[in-house]
Amino acid sequence: MHLYLDTAIVEEVREIAAWGVLSGCTTNPSLILASGRKFEDVIAEIIEIVKGPVSAEVTAMDAPTMIAQGLELRKISPHVVVKLPTTPDGLTACKALTADGHPVNMTLCFSATQALLTARAGATYVSPFLGRVDDISWDGIQLIRDIRLIFDVHNLDTQIIAASIRHPMHVVDASKAGAHIGTMPAKLFAMLIKHPLTDAGIEKFNSDWQKALKNQ
Ligand code: E4P
């Protein structure tokens, strides 16, 4: 499973990209609001660091305006992935944009039927929101499993982005369920790398090395 950062904070992108593990980035209007910065500037700066797919969301609700906004966003960089809502107009815009070679990430996907429709509309990526599915007492990981099964059985090449990841076991389980990509906040990356036995081991090796130095 490839790892994406879900943020509009450029410093967070710089920090996690330095680990050498980042394949891309996703943003949404709420994250842009939290950044307090101009949308296009943030997207351009993130792409400069990631040098890979960065999803930027349209705000229109009708297909013609979604397409127009998507084309504007694509002028920022070929790395921009147009993020569209999983609605009838979103599907129409997805079909038009992908037919012209523009990558699209269908967001706010909450069911396998929605995911199938996005794949049939030519989506490059679909983003099932597993944390928000769990929030309403359904099973986000089972949703990822179902989508992956349907895509495999029918040879659909839309990539699944496990989104709305809330904790490390979501990362493990989404990966096992066959999500191609997991997108998560920077604090999740910090949780994934942290292990008390690694910390304790480093402390012990360091203190033993200081003692060993006296014998060198
Ligand atoms: C993904 O593209 C979304 O921006 C994100 O994963 C939403 O996560 P949330 O449910 O934690 O807001």
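Predicted, not measured: the structure shown is a model, and the values here were computed from it.

Student: What am I meant to see in the packing of aromatic side chains here?
Tutor: Given two aromatic rings, their pairing is described by the distance between the two centres and the angle made by the two planes. Scanning the entire structure with this criterion turns up two aromatic pairs. When the centroid spacing of 6.3 Å and the interplanar angle of 75 degrees are considered together, the rings of W19 and F189 count as edge-to-face. In this pair, W19 sits in the loop between helix 1 (10-17) and strand 2 (22-26) while F189 sits in helix 10 (residues 186-193), placing the two residues 170 residues apart along the sequence. Judged by its relative accessible area of 2%, F189 is buried.

Student: Where do I start with the side chain of T158 in this structure?
Tutor: Structurally, the position occupied by T158 is in the loop between helix 8 (140-153) and strand 7 (159-162). The class of T158 is buried, set by a relative accessible area of 2%. Once you skip the residues sitting within four places of it in the chain, T158 turns out to touch A119, A123, T124, Y125, V126, F151 and H180.

Student: Just checking my understanding: could you explain unusual backbone geometry for this structure?
Tutor: Glycine aside, residues mostly have negative phi angles, and peptide bonds mostly take the trans form. The phi torsion at L108 lies on the positive side, around 55 degrees, for a residue other than glycine. Counting through the fold element by element, L108 comes out in strand 5 (residues 104-109). A positive phi angle is found at S164, which is not glycine, with a value near 60 degrees. Here S164 lies in the loop between strand 7 and helix 9 (168-176).

Student: Can you walk me through the site of the ligand in this structure?
Tutor: Around the ligand, the neighbouring residues are D6, T26, N28, K83, F129, R132, A163, S164, R166 and T183. Between R132 and the ligand, the recorded distance is 2.7 Å, taken from a side-chain N or O atom to an oxygen atom. Between the ligand and S164, the relevant distance is 2.7 Å, taken from an oxygen atom to a side-chain nitrogen or oxygen of the residue. The protein chains hide 84% of the 340 Å² of surface that the ligand would expose on its own.

Student: What's the story with the nonpolar core in this structure? I'm lost.
Tutor: Considering soluble globular proteins, one finds that nonpolar side chains tend to be buried as a cluster. The biggest cluster of nonpolar side chains holds 55 residues, and the ones touching the most others in it are L5, I46, L84, M106 and F151. Apart from the residues within four sequence positions on either side, L84 is in contact with V58, M66, G90, A93, C94, L97, V104, N105, M106 and T107. In terms of nonpolar packing, the next biggest core, distinct from the first, is built from five residues, V81, Y125, I161 and I181 among them.

Student: Could you clarify how one ought to interpret the pairing of strand 3 (residues 54-57) in this entry?
Tutor: Every other side chain in a regular strand lies on the same face of the sheet, so the side chains alternate between the two faces. Of the two faces of strand 3, the one holding V54 and A56 and the one holding S55 and E57 are both buried throughout. Of the pairings in the sheet, the one linking strand 2 to strand 3 comprises two bridges and is parallel in character. The partner of C25 across the bridge, within strand 3, is V54. Between the parallel elements strand 3 and strand 4 (residues 80-85), the chain passes through helix 4 (residues 63-74) in a crossover that is right-handed.

Definitions and limits used
- Note that residues are indexed from 1 along each chain, following the sequence as it is written.
- In keeping with the model being predicted, local features are shown solely for residues with a pLDDT of at least 70 and side-chain atom pairs are shown and tallied solely at 80 or more, while totals for entire chains, interfaces and linings include all residues.
- Side-chain descriptors were evaluated using all non-hydrogen atoms of the structure, hydrogens and water having been removed beforehand.
- By convention, a stacked pair of Phe, Tyr or Trp rings (six-membered ring in the case of Trp) has centres within 6.5 Å and planes under 30 degrees apart, an edge-to-face pair has planes over 60 apart, and any other such pair is tilted.
- Numbering of helices and strands starts at the N terminus; helices are DSSP runs of H or I of at least 4 residues and strands are runs of E of at least 2.
- Remark: exposure states derive from per-residue accessible area (1.4 Å probe, protein chains only) relative to the maximum for the residue type, with buried under 20%, exposed over 50%, and partly exposed in between.
- When checking whether two residues touch, look at their non-hydrogen atoms; a contact exists if any pair is within 4.5 Å.
- The nearness test applies per residue and asks whether one of its heavy atoms lies within 4 Å of the molecule or strand.
- Polar contact criterion, stated in full: a pair of N or O atoms within 3.5 Å, where within protein one must be able to donate a hydrogen and the other to accept it, and residues adjacent in sequence count only if both atoms are side-chain atoms.
- All accessibility values rest on the Shrake-Rupley procedure with a 1.4 Å probe; residue burial counts only the protein chains present in the view.
- Nonpolar cores are built from buried Ala, Val, Leu, Ile, Met, Phe, Trp, Tyr and Cys residues. Side-chain atoms within 4.5 Å join them into one set.
- Pairing between two strands is assigned when DSSP locates at least 2 bridges connecting them.
- A crossover gets the label right-handed when its path from the first strand over the helix to the second runs clockwise, viewed with the strands pointing away from the viewer.

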